Amino acid sequence: MMRVLVTGGAGFIGSHLVDRLVHEGYKVRVVDNLSSGRTENLRRHIDSNAIEFVIGDLKDPYIALRSVENVDAVFHFAANPEVRVSSIDPETHFNENIVATFNLLEAMRKRNVREIVFASSSSVYGEPDEIPVDENAPIKPVSVYGASKASCETLIHAYSKLYKIKAVILRYANVVGPRLRHGVIWDLINKLIRNPRELEILGDGRQIRSYIYIDDAIEATINAWRKTDADYEVYNIGNEDWITVDEVADEIIKIMRLKDVKKIYKPMLHGVGWLGDVKRITLKIDKMKRIGFKPSMSSKEAVKTTARKLLEEISVKI
Ligand SMILES: NC(=O)c1ccc[n+]([C@@H]2O[C@H](COP(=O)([O-])OP(=O)(O)OC[C@H]3O[C@@H](n4cnc5c(N)ncnc54)[C@H](O)[C@@H]3O)[C@@H](O)[C@H]2O)c1
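Residues numbered from 1 in each chain as written. Predicted model: local features only at pLDDT ≥ 70, side-chain atom pairs only at ≥ 80, totals over all residues.

Turning to the overall build of the chain, a few remarks are in order. The helix and strand inventory of the chain stands at 11 helices and 13 strands. For 318 residues, the compact-globule estimate of 2.2 N^0.38 gives 20 Å, and the chain sits close to it at 19 Å. Principal-axis analysis of the C-alpha atoms places the extent of the chain at approximately 60 × 45 × 40 Å. When the 318 residues of the chain are sorted by exposure, 47% land in the buried category. Put simply, of all contacts in the chain between residues at least 6 apart along the chain, 81% involve residues at least 24 apart. (Helix = DSSP H or I, 4+ residues; strand = E, 2+ residues; numbered from the N terminus. Rg over C-alpha atoms; globule rule 2.2 N^0.38 Å. Buried ≥ 20, exposed ≤ 12 C-beta atoms within 10 Å, placed from the backbone. Contact = placed C-beta atoms within 7 Å.)

What follows is the structure in structure tokens.
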């Protein structure tokens, strides 16, 4: 059976991917520095010795080398995923995302590992002229996070051509589900727990986003990995429909059974929520559909299910 490495495997998406790969019988190694990931997410695999867990930082080239030893494929999901923080602290993002990816690619080259699946992001498109965007739309990131993902993609492209590494690039929309600990749903829930009467919304609330539920995102990831024959391929992974931040807030308020919550909007220029935020982005997913995958939940269903599950996880009675 194939041996695979999941970087960032203690994080939100990474740990769900580990669940799936273990379930399918792969030999899985995880490397994670636990900066935002949690051992708890992998508890049952660690307790049953189903995975090898390396606690280490990919910014250290030695850890990168140690991580890829004797693996056949790498799922690279380690990163700092906080878009908002990236514009306040660009250096962290440069190191966590670009340096770590470079170290990993170097390690793969040196140890002859010939397959990588990379968790990129729709933020590489920046503020597109037209939505939805397909995979050929110009890469014009407006956040340091988006720029770091675009840089990783181009590095991976060069390594793929130079050293015959098969690469599958996945540009995810907002992925949501249990274990999520960042992003708008998590932020709004926590604000409402702290103050159920008032809710600060970053932006004018009319920002448009598409959300994909974690089970769908994992299915799409495995599908893209298995069905790609080309040496280098890029896929958008998201939903065709979308929902505004204001609607996300309303759904959460309803689920938490709160009444008369006063919403306070904090728009910056053009109504965005923070430096590097995007007003409207949705993805064309025809390519993903051509390889036989369609999301089972809409954006709104994904948001609602996630809000319910996160409230359960943190034991909030509703
Ligand atoms: N959640 C989303 O909506 C979304 C959307 C697009 C892309 N992505 C990308 O998917 C990947 C997973 O995101 P997530 O939402 O699960 O975030 P997450 O923070 O839960 O997972 C990232 C993991 O990487 C680990 N990590 C960070 N830097 C590391 C380093 N230098 N060495 C080793 N481990 C390190 C963290 O501890 C964490 O466990 C990230 O690359 C993210 O940029 C996420």
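From this point, the narrative continues.
Spatially, β3-β2-β1-β4-β5-β6-β11 is the arrangement adopted by the seven strands of the open sheet, whose pairing is parallel. Of all the strands in the sheet, the pair left with one neighbour each is β3 (51-55) and β11 (232-237). Taken over all neighbouring pairs, the strand axes of this sheet differ in orientation by 15 degrees on average, direction set aside. Bridge analysis of strand β2 (residues 27-32) against β3 gives five bridges, and the strand direction is parallel. When the sheet's bridge partners are listed, V30 is paired in β3 with F53. On the sheet, helix α1 (residues 12-23) packs against β1 (3-7), β2, β3, β4 (73-76) and β5 (115-121) and is oriented at approximately 165 degrees with respect to β1. Docked against the sheet, helix α8 (residues 214-227) engages β5, β6 (166-172) and β11, running at close to 155 degrees with respect to β6. (Pairing = 2+ DSSP bridges. Axes fitted to C-alpha atoms, helices over the stretch in contact; angles between N-to-C directions.)

Further remarks concern the domain arrangement of the chain. You can read the domains of the chain as domain 1 (3-175 + 213-237) and domain 2 (177-210 + 241-313). Here the C-alpha centre of domain 2 lies 23 Å away from the C-alpha centre of domain 1. Listing elements by their share of the side of domain 1 that touches domain 2, those giving two or more residues are α1, α4 (83-86), α6 (144-163), α8 and β11. No other element matches the eight residues that α8 contributes to the side of domain 1 that touches domain 2. Considered class by class, the residues forming the side of domain 1 that touches domain 2 number 18 nonpolar, 12 polar and nine charged. (Domains from an automatic or database assignment. Nonpolar A, V, L, I, M, F, W, Y, C, P; charged D, E, K, R; others polar.)

Glancing now at the site of the ligand. By nearness alone, 28 residues border the ligand, and G8, G11, F12, G37 and A79 come closest of all. Elements with a contribution of two residues or more to the shell around the ligand: α1, β2, α5 (90-110), β5 and β7 (174-176). Examining the composition of the shell around the ligand, we find that three residues originate from one element, α1, more than from any other. Here the shell around the ligand is built from residues that sort into 14 nonpolar, 10 polar and four charged. (Near = placed C-beta within 6 Å.)

This paragraph deals with the pairing of strand β13 (residues 262-266). Of all five residues in β13, zero are buried; the element is thus mostly exposed. Looking at chain direction, strand β8 (residues 198-202) and β13 are connected through five bridges and run parallel. Each bridged residue has a counterpart across the sheet, and for E200 the counterpart in β13 is I264.

As a further point, take unusual backbone geometry. Going from I131 to P132, the amide bond is cis rather than trans, its omega being -5 degrees. Mapped onto the elements, P132 comes out in the loop between β5 and α6. Phi at R179 is positive, roughly 80 degrees, even though this residue is not glycine. Within the fold, R179 resides in the loop between β7 and α7 (184-194). Residue R179 is classed as buried on the basis of its C-beta count, with 20 C-beta atoms lying within 10 Å. Phi angles above zero are rare outside glycine, and D260 is one such case at about 50 degrees. Mapped onto the secondary structure, D260 falls in the loop between α9 (245-255) and β13.

Further remarks concern the pairing of β2. Of all six residues that make up β2, five are buried, and the element is covered over most of its length. In terms of strand pairing, β1 meets β2 through five bridges, oriented parallel. Within the sheet, the bridge partner assigned to V6 lies in β2 and is V30. Handedness of the β-α-β unit built from β1, α1 and β2 comes out right-handed. (Right-handed = clockwise from strand over helix to strand, strands pointing away.)

This part is about the packing of helix α3 (residues 61-68) against α5. Viewed as axis vectors pointing N to C, α3 and α5 meet at an angle of 50 degrees, and their least axial separation amounts to 8 Å. Relative to α5, the element α3 lies oblique. Here the hand of the crossing between α3 and α5 comes out right-handed. In this structure, α3 uses P61, A64, L65, S67 and V68 to contact α5, whose residues at the interface are N103, L104, E106, A107, M108 and K110. Looking at the contact of α3 with α5 residue by residue, the classes come out as seven nonpolar, two polar and two charged. (Parallel < 35°, antiparallel > 145°, perpendicular 65-115°, else oblique. Left-handed = near helix turned anticlockwise from the far one by under 90°.)

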